[in-house]
Amino acid sequence: MNVDAERARRSLILLRRFGRLSTAQVAGLALDGSDLTPASRAVTARRVLQDLRARRLVAPVPRAVGGPTGGSQGTVHRLTEAGSRYLGGLGGGAGADRRDRRERASCEHALACADVALAFVRAARDNPGHAMGEWHPAFEAAELLGSTLVVPDGHFVYSTQTMEVDALVEVDLATERPAWFARKVGAYVALLRGGTWRAHLASWPLVLTITPSAERASSLRRASERALLGERDAQALLRTMRFQFAPLADIVREGALGRIWQRAGGEGLEELVPPPRDDVGACALDDAPTEATSDIGAGA
């Protein structure tokens, strides 16, 4: 497969995963790691998408969207049915049409998911020894958890030289009351106790919630704390379950690893990946709560 064909295939796979992508997002996600300059990546992405549109594998979304951060300007694209069939023939995997209904209904939601993924791709590019794994969309994230009720918006694994961050993503557009999110936290607690996630995950992942503003992040953090503190084993849950919150604008501007995250049960802003310390051995983020997870499971 030549370079242009591989870029086209990669673009189709990304459109299947996210549902909607701007040209700039395709350039960042499909062409990151290439030897092209940023300007060349943008030109190449436009050329690839124009070719896919001419072949009716991709179609523009019939409205202009600026994206939640204002950074996703330009035409937004979606995969067509012909594109799904073509991708399946190339070995792109089954379930090409299985996208979460919220992604189909909300272009802003899909673009926000892609902006989150792109922020972590950029963080990995800018930090030697870091790597961003593939983004699993909603239905794949739910399958990893063994859940039909808890459906995150995405899942990915981010690795450094000393730790691995296994993360679920919730993109919040502030369309529901904080009490609704508190009920979702309760569903996550039930899922942790149920243990179905152990079939695919070695340890309980972080839950990263992306919000439109810092005020909304604080509101959801407080709602999460109330939900967790209402459980019989609240302190064990706070050690085991890391619910973290950050505004999308801060993630895009300051970087996904920056001191921008609020944590349920924490104080102030934290970095997602703490800097390595010389006085302790390297350990994964998910190593610490192993005992607490075991205690919770035993007490369920």
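What counts as what
Residues numbered from 1 in each chain as written. Predicted model: local features only at pLDDT ≥ 70, side-chain atom pairs only at ≥ 80, totals over all residues. Heavy atoms only, no water. Phe/Tyr/Trp six-rings, centres within 6.5 Å; stacked < 30°, edge-to-face > 60°. Helix = DSSP H or I, 4+ residues; strand = E, 2+ residues; numbered from the N terminus. Buried < 20%, exposed > 50% of the residue type's maximum accessible area, 1.4 Å probe, protein only. Salt bridge = Lys/Arg side-chain N within 4 Å of Asp/Glu carboxyl O. Expected span 1.5 Å × (residues − 1). Arc of directions from axis to C-beta. Contact = heavy atoms within 4.5 Å.

J.: I keep staring at the packing of aromatic side chains and nothing clicks. Help me out?
T.: Aromatic ring pairs: the centre-centre distance and the angle between the two ring planes describe each pair. This structure, assessed with the given rule, holds 8 aromatic pairs. Consider the rings of Phe-181 and Phe-245, whose centres lie 5.8 Å apart with planes at 65°: the pair is edge-to-face. With Phe-181 in helix 8 (residues 178-194) and Phe-245 in strand 9 (residues 243-247), this residue pair connects regions lying 64 residues apart in the sequence. For the pair formed by Phe-181 and Phe-245, the shared burial category is buried. By way of ring pairs, the aromatic residues Phe-18, Phe-120, Trp-135, Phe-156 and Tyr-158 are connected into one cluster.

J.: I tried to follow the pattern of salt bridges on my own but got confused; where do I start?
T.: Oppositely charged side chains can pair when the atoms bearing their charge come close. Scanning the model with the defined rule gives 15 salt bridges in all. Two residues, Asp-4 and Arg-7, come together in a salt bridge whose shortest N-O distance is 3.9 Å. Here Asp-4 pairs with Arg-7, and both are found in helix 1 (residues 3-18), just 3 residues apart, close to one helical turn. Classification of Asp-4 by relative accessible area gives partly exposed; the value is 41%. The partner of Asp-4 in a salt bridge is Arg-47, with the nearest N and O atoms 3.1 Å apart.

J.: When you look at helix 1 in this model, what are you seeing that I'm missing?
T.: Owing to its 3.6 residues per turn, the α-helix brings residues three or four apart onto one side. Taking 1.5 Å of rise per residue, the 16 residues of helix 1 would be expected to cover 22 Å, and the 23 Å separating its terminal C-alpha atoms lies within 8% of that figure. Following helix 1 by one or two positions, Gly-19 adopts a phi angle in the positive range, close to 90°.

J.: How do you make sense of helix 4 (residues 81-89) when you look at a structure like this?
T.: Every buried residue belonging to helix 4 is among Gly-83, Ser-84 and Leu-87, and all of these are buried. Seen end-on, helix 4 carries its buried residues on one side only, within an arc spanning 100°. Exposed residues pointing more than 90 degrees away from the buried face of helix 4 are listed as Glu-81, Arg-85 and Gly-89. Among the structural elements, helix 1 and strand 3 (76-79) are those in contact with the buried residues of helix 4.

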